[in-house]
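Letter by letter, the chains look like this.
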Amino acid sequence: MPGKHRVLIVKIPTTDIQVALFPIPDAVAFPGTSLPLHVFEPRYRQLVNDCVKDQRMVAVSHVLKTIQAAKKNQTVEQALSSNQATYKPQAVFSAGYCKILETTPDGRMIARIDMQCRLHMKAEIQSLPYRIVTCDTVLDEEAPQEAEQCDTLRTLITDRLVEMAGNENTPLPHELKSPAWQTLSPGDFSFKIFQFLRLDANVMQALLQSRN
């Protein structure tokens, strides 16, 4: 379970947003959540450093396929000094600002991205040493919502998550029943529960792409 962090949501433009793209198999994140990263490839260490310095958002995407696989049986030194697999990214992903939490003596980074928005990739404007792409925000379709139905669903989901947590000594049950959670909008609630609930990556990707 990711650590507990306060995520600051800022106002993001809706079109022609430039982000650095970090494709990671099975990594699907939602706005309002925090994603921890262990960064060791040279190109992505540069990506993180550049984005922190330039205040550019980083997008993390699940992948459609592997374009070039990583070499097998590498030593730690070889993995740290060469780029690994290359992937074709999904077109919809979340992005946010990255914070470097720790840099190890051998150059690896422990970082965190606080996801701000959901984006759809339009075009690639830089390929090397890492991708920079332009995007539009993905917005939900306008649809009438019954407040009573939303409250019922929220209660059912919250109760089920608390039940899943069981008797483990975690802050999850208390947090889910806090006023901050109970006053989230239905859209924000439907994203933020995935800070705790993990499903198959392809299922998560379908949920991320849903506009309803």
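Residues numbered from 1 in each chain as written. Predicted model: local features only at pLDDT ≥ 70, side-chain atom pairs only at ≥ 80, totals over all residues. Heavy atoms only, no water.

(A) Structural detail: the side chain of Arg112. Within the fold, Arg112 resides in strand β7 (residues 109-126). Looking at Arg112, its side chain comes within polar contact range of the side chain of Asp114, at 3.0 Å. (Helix = DSSP H or I, 4+ residues; strand = E, 2+ residues; numbered from the N terminus. Polar contact = N/O pair within 3.5 Å; in protein donor to acceptor, adjacent residues only side chain to side chain.)

(B) Quick peek at helix α7 (residues 201-209). Every buried residue belonging to α7 is among Ala201, Met204, Gln205 and Leu208, and all of these are buried. Buried residues along α7 cover an arc of 100° about the axis, so they all sit on one side. Those residues of α7 that are buried are in contact with β6 (92-103) and β7. Put simply, Asp200 is the residue that caps the front of α7, since its side-chain oxygen is 2.9 Å from the backbone nitrogen of Asn202. (Buried < 20%, exposed > 50% of the residue type's maximum accessible area, 1.4 Å probe, protein only. Arc of directions from axis to C-beta. Contact = heavy atoms within 4.5 Å.)

(C) Here's a closer look at unusual backbone geometry. Backbone torsion omega between Leu128 and Pro129 reads 0°, so that peptide bond is classified as cis. By the element assignment, Pro129 lies in the loop between β7 and β8 (131-137). Positive phi outside glycine occurs at Asp26, with the angle close to 70°. Along the chain, Asp26 falls in the loop between β1 (17-23) and β2 (34-39). Accessibility expressed as a relative area gives 55% for Asp26, which makes it exposed. Of note in the backbone geometry, Gln55 takes a positive phi value of approximately 55° without being a glycine. Following the sequence through the fold, Gln55 ends up in the loop between α1 (42-54) and β3 (58-61).

(D) Representation of the pairing of β8 in the model. In terms of residue burial, β8 counts as a mostly covered element, since 6 of its 7 residues are buried. In terms of strand pairing, β1 meets β8 through 5 bridges, oriented antiparallel. If you follow Ile17 over to β8, its bridge partner there is Cys135. With 6 bridges joining them, β7 and β8 adopt antiparallel strand pairing. Following the sheet pairing, Ala123 is matched in β8 by Thr134. Connecting the antiparallel pair β7 and β8 is a turn made up of 4 residues. (Pairing = 2+ DSSP bridges.)

(E) Region of the structure containing the pattern of salt bridges. According to the stated counting rule, one finds 9 salt bridges in the structure shown. In this structure, Arg108 and Asp106 form a salt bridge, with 3.0 Å as the shortest nitrogen-oxygen distance. Relative accessible area serves as the criterion here: at 25%, Arg108 is assigned to the partly exposed category. Residue classification places Asp106 among the partly exposed positions, given a relative accessible area of 36%. Put simply, Arg118 and Asp140 hold a salt bridge, and the shortest N to O gap is 2.8 Å. On the criterion of sequence distance, the pair formed by Arg118 in strand β7 and Asp140 in the loop between β8 and α3 (147-165) is long-range, its members being 22 residues apart. By relative accessible area, which is 5% here, Arg118 ends up buried. On the basis of relative accessibility, which here comes to 37%, the residue Asp140 falls in the partly exposed class. Residues participating in the shared-partner salt-bridge network are Asp16, Lys122 and Asp136. (Salt bridge = Lys/Arg side-chain N within 4 Å of Asp/Glu carboxyl O.)

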